[in-house]
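Listed here are the chains, written in short residue letters.
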Amino acid sequence: MAPPASSVQEATIHSNYGEKYADVNWDELGFSLTPTDFMFEMKCFQGEDFSQGNLIPYGKIELSPAAAILNYGQGLFEGLKAYRREDGHIVLFRPEQNAMRMKMGAERMCMPSPSVEQFIDAVKQTVLANKRWVPPPGKGSLYIRPLLMGSGSILGVAPAPEYTFLVYTSPVGNYYKGTGTPINLIVEDKLHRAIPRGAGGVKTIANYSPVLQALTQAKSKGFSDVLFLDAKTGQNIEEVSACNIFIVKDKIISTPATLGTILPGVTRKSIIDIALDFGFQVITLLL
Ligand SMILES: *Cc1c(COP(=O)(O)O)cnc(C)c1O
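Residues numbered from 1 in each chain as written. Predicted model: local features only at pLDDT ≥ 70, side-chain atom pairs only at ≥ 80, totals over all residues. Heavy atoms only, no water.

## Some points on the nonpolar core
And step 1. Membership of the largest hydrophobic core comes to 36 residues, with the highest contact counts inside it found for Phe119, Val127, Leu148 and Phe165.
And step 2. Taken together, the elements giving at least two residues each to this core come down to strand S1 (38-45), strand S4 (80-84), helix H3 (95-108), helix H4 (116-129), strand S6 (141-150) and strand S7 (162-172).
And step 3. Ranked by residue count, the leading element in this core is H4, at six residues.
And step 4. Excluding residues within four positions of it along the chain, Leu148 makes contact with Phe50, Gln74, Gly75, Leu76, Met102, Ala106, Met111, Pro112, Ser113, Pro114, Thr164 and Phe165. (Core = buried A, V, L, I, M, F, W, Y, C linked by side-chain atoms within 4.5 Å. Buried < 20%, exposed > 50% of the residue type's maximum accessible area, 1.4 Å probe, protein only. Helix = DSSP H or I, 4+ residues; strand = E, 2+ residues; numbered from the N terminus. Contact = heavy atoms within 4.5 Å.)

## Considering unusual backbone geometry
And step 1. The phi dihedral of Arg94 is positive, around 45°, even though this residue is not glycine.
And step 2. Among the residues examined, Arg94 registers a relative accessible area of 30% and is labelled partly exposed.
And step 3. Unusually for a residue other than glycine, Asp250 sits at a positive phi of about 50°.
And step 4. Mapping Asp250 onto the fold places it in the loop between strand S11 (247-249) and strand S12 (252-256).

## Digging into the sheet that holds strand S13 (residues 281-285)
And step 1. Reading across the sheet, the three strands line up as S11-S12-S13 and stay open at both edges, with mixed pairing between neighbours. Looking at strand neighbours, the two that pair on one side only are S11 and S13, the edges of this open sheet. Each strand of the sheet is rotated relative to its neighbour by a mean of 20°, with strand direction disregarded.
And step 2. As paired elements, S11 and S12 share three bridges and run antiparallel to each other. Bridge pairing in S12 places Val248 opposite Ile253.
And step 3. In this fold helix H6 (residues 266-277) packs onto S12 and S13, with an angle of close to 145° to the strand it touches most, S13. (Pairing = 2+ DSSP bridges. Axes fitted to C-alpha atoms, helices over the stretch in contact; angles between N-to-C directions.)

## A closer look at the sheet that holds strand S8 (residues 185-188)
And step 1. Taking strand neighbours across the sheet as the criterion, the three strands line up as S8-S9-S10 in an open arrangement whose pairing is mixed. Where the open sheet ends on each side, the last strands, each with one partner, are S8 and strand S10 (237-240). For this sheet, the mean angle separating the axes of adjacent strands, direction not counted, is 30°.
And step 2. As judged from the four bridges shared by S8 and strand S9 (residues 225-229), these two strands associate in the parallel manner.

## Section: the pairing of S1
And step 1. In this sheet, strand S2 (residues 53-57) lies alongside S1 in antiparallel orientation, the contact comprising five bridges. Along S2, the bridge assignment pairs Met42 with Gly53.
And step 2. Note that S1 and S7 share six bridges and pair antiparallel. In the sheet register, Met42 faces S7, and the bridge partner there is Phe165.

Structure, rendered in structure tokens:
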């Protein structure tokens, strides 16, 4: 593959980190953090648009104790993957979908958002800078974690005065242990993940800590994850703590509609598209 030539920074990076693969046991990858070489950072003030970001060495970031993200959870995250193909190319899976989802979420959280082009460019730069951490074909993927946060200080309840967009990466294997083994879910009938007209439909940083209690208990009982029910009636299944759910019966696939309490997954949308192509009927159930 020709060396990337889209920025001066990349050229420097490639001269420093010339070897094809980082020193990782690719057969032992799970879903834990392996720090990589670089991350991307871009900042802007409230009321302005993001303009220019940079690759910087991966490492700790400095935040005021009064940062909005720390005090009030004004933040969003994304998750997508880069794969190394047999032909040597490194490919991303539908990154524009993640970019658009971040834009929607930013509106809900009163934050400026990178444009779709800025998001994709930042993701590409970060992946190329960390190319040696993209696992060999079939051994996993490079997980990409974009973050958008209110990094400015604020004491009263209001949008932060300054925002930071960060992208970092980590090579990963399977999210659930054991390739190909089915997962077992426990139905959670006491705690809810999302409420109607809340923020369950956008990928806010605050969506995950409320599920930890149910998830920890489920894991201690030997379950892989939790299946949440709708908060209004408790009668309908909604989704798992970090993934959407599909019920397959003969040639019919059913999944809850994304009406605000379900996270609109890129995987969900892709499964619906592919299932239709394969002649399945897809029903999106209204709760
Ligand atoms: C991120 C996430 C998903 C999955 O989204 P994908 O785009 O398919 O990765 C599903 N549910 C929740 C709650 C999530 O945060």
